[in-house]
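# What the coordinates show
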Amino acid sequence: MSTVLTAESTSAPPLPGGRIVIDEVDHDFAADAGIVPALRGVSLDIAPSEFVSLVGTSGCGKSTLLNIVAGLLTPTHGSVTIGRAVKEADGLPQRAYITQDDRLLPWRTAKQNVELPLQLHGVDREERAERAIAILRRVGLGDFADRRPHELSGGMRQRVSIAQSLVYHPAVLLMDEPFGALDAWTRDSLHDLLLDVQAELGTTVVLVTHDVGEALALSDRVVTLAPRPGRILAEYSLADRPRPRSHQTLRDEFFADVHQRIRADLGFTD
Ligand SMILES: Nc1ncnc2c1ncn2[C@@H]1O[C@H](COP(=O)(O)OP(=O)(O)OP(=O)(O)O)[C@@H](O)[C@H]1O
């Protein structure tokens, strides 16, 4: 199956996203004051193309868990496996990772930044230019391909990061507070974009966020975590609720109730 992301092929049936199986993961950090039990007994089975959000108070191990899924940290105990039914032919990475601070190279244009992962994996010049332009158009930045990051707004830079992550069609997209620094309007428009592109490409998404409203707006499932040690408290399925979800929908009885229960998990008493 071709993985070329052109304007035409983005409307083709998507590759399935990757299934993520997190099995009995513990993680300890060694600190001056002793061992920090960052995660204990975390198990999650995330289906291909599912959108899962992890919410929890500061220090409950959200970023540690995401780093383990990203392969940046090896868990002290347990395992994470990522599978996809269809294997990429071009050997590109299965995982993409987006954080609050974009990691764009300042001396490269938006297009050159988007091309970077393809270039690192030896995709030829013509194909990478074609794929970069197609995905930049898809995120609404077709006219900004030749701008450098300092010439773009924060929201535009985050669009470039999303394009850079999706250009090689990863099985899994991992996002750590990606919209935290953006204004509400830009955040809403990036939510819409993310949902559209995810529906189109079938990418599995794991999002870490402090914002319960954001998790409710986007997810098939919201997982709450508790600190010391970091562990799963509860899971809320929203998979049967259509998206996009308007602000009005998010205030209805169902969502208001789930919101309240999540806040209670996080220790809010109101
Ligand atoms: N490199 C490290 N060395 C020692 N302790 C660490 C390290 N990284 C994280 N920790 C500890 O592990 C626990 C989990 O941290 P983590 O960053 O995963 O939490 P988090 O839920 O992402 O927090 P936040 O929402 O504030 O980003 C915390 O107690 C933190 O202090």
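Residues numbered from 1 in each chain as written. Predicted model: local features only at pLDDT ≥ 70, side-chain atom pairs only at ≥ 80, totals over all residues. Heavy atoms only, no water.

Once that is clear, we can look at the pattern of salt bridges. Where charged atoms from two side chains of opposite charge come close, those side chains can pair. Per the counting criterion, the structure on display carries eleven salt bridges. The closest approach of N and O atoms between Lys111 and Glu115, which form a salt bridge, is 3.0 Å. Placement of both Lys111 and Glu115 in helix α2 (residues 110-120) is noted, with a separation of four residues, approximately one turn of the helix. A residue is classified by how much of its surface remains accessible, and Glu115, at 6% relative accessible area, is buried. A salt bridge links Arg241 to Asp240, with the nearest nitrogen and oxygen atoms 3.7 Å apart. Residue class for Arg241 comes out partly exposed when judged on its relative accessible area of 28%. When its relative accessible area of 60% is taken as the criterion, Asp240 is described as exposed. One salt-bridge network, in which partners are shared between bridges, spans Glu50, Arg221 and Glu235. (Salt bridge = Lys/Arg side-chain N within 4 Å of Asp/Glu carboxyl O. Helix = DSSP H or I, 4+ residues; strand = E, 2+ residues; numbered from the N terminus. Buried < 20%, exposed > 50% of the residue type's maximum accessible area, 1.4 Å probe, protein only.)

To continue, consider the site of the ligand. In the vicinity of the ligand, the residues found are Phe29, Val36, Ala38, Thr57, Ser58, Gly59, Cys60, Gly61, Lys62, Ser63, Thr64 and His210. Ser63 is positioned with one of its side-chain polar atoms (N or O) 2.9 Å from an oxygen atom of the ligand. Protein burial of the ligand: of its 640 Å² of free accessible surface, 61% is covered by the chains. When residues of the shell around the ligand are traced back to their parent elements, those giving at least two are β2 (34-46) and α1 (62-69). Here the shell around the ligand gets three residues from one element, more than from any other, and that element is α1. Partitioned by chemical class, the residues of the shell around the ligand number four nonpolar, seven polar and one charged. (Near = heavy atom within 4 Å. Polar contact = N/O pair within 3.5 Å; in protein donor to acceptor, adjacent residues only side chain to side chain. Areas by Shrake-Rupley, 256 points an atom, 1.4 Å probe, with all protein chains shown as cover. Nonpolar A, V, L, I, M, F, W, Y, C, P; charged D, E, K, R; others polar.)

Bear in mind that shape data such as this cannot, by itself, settle questions of function.
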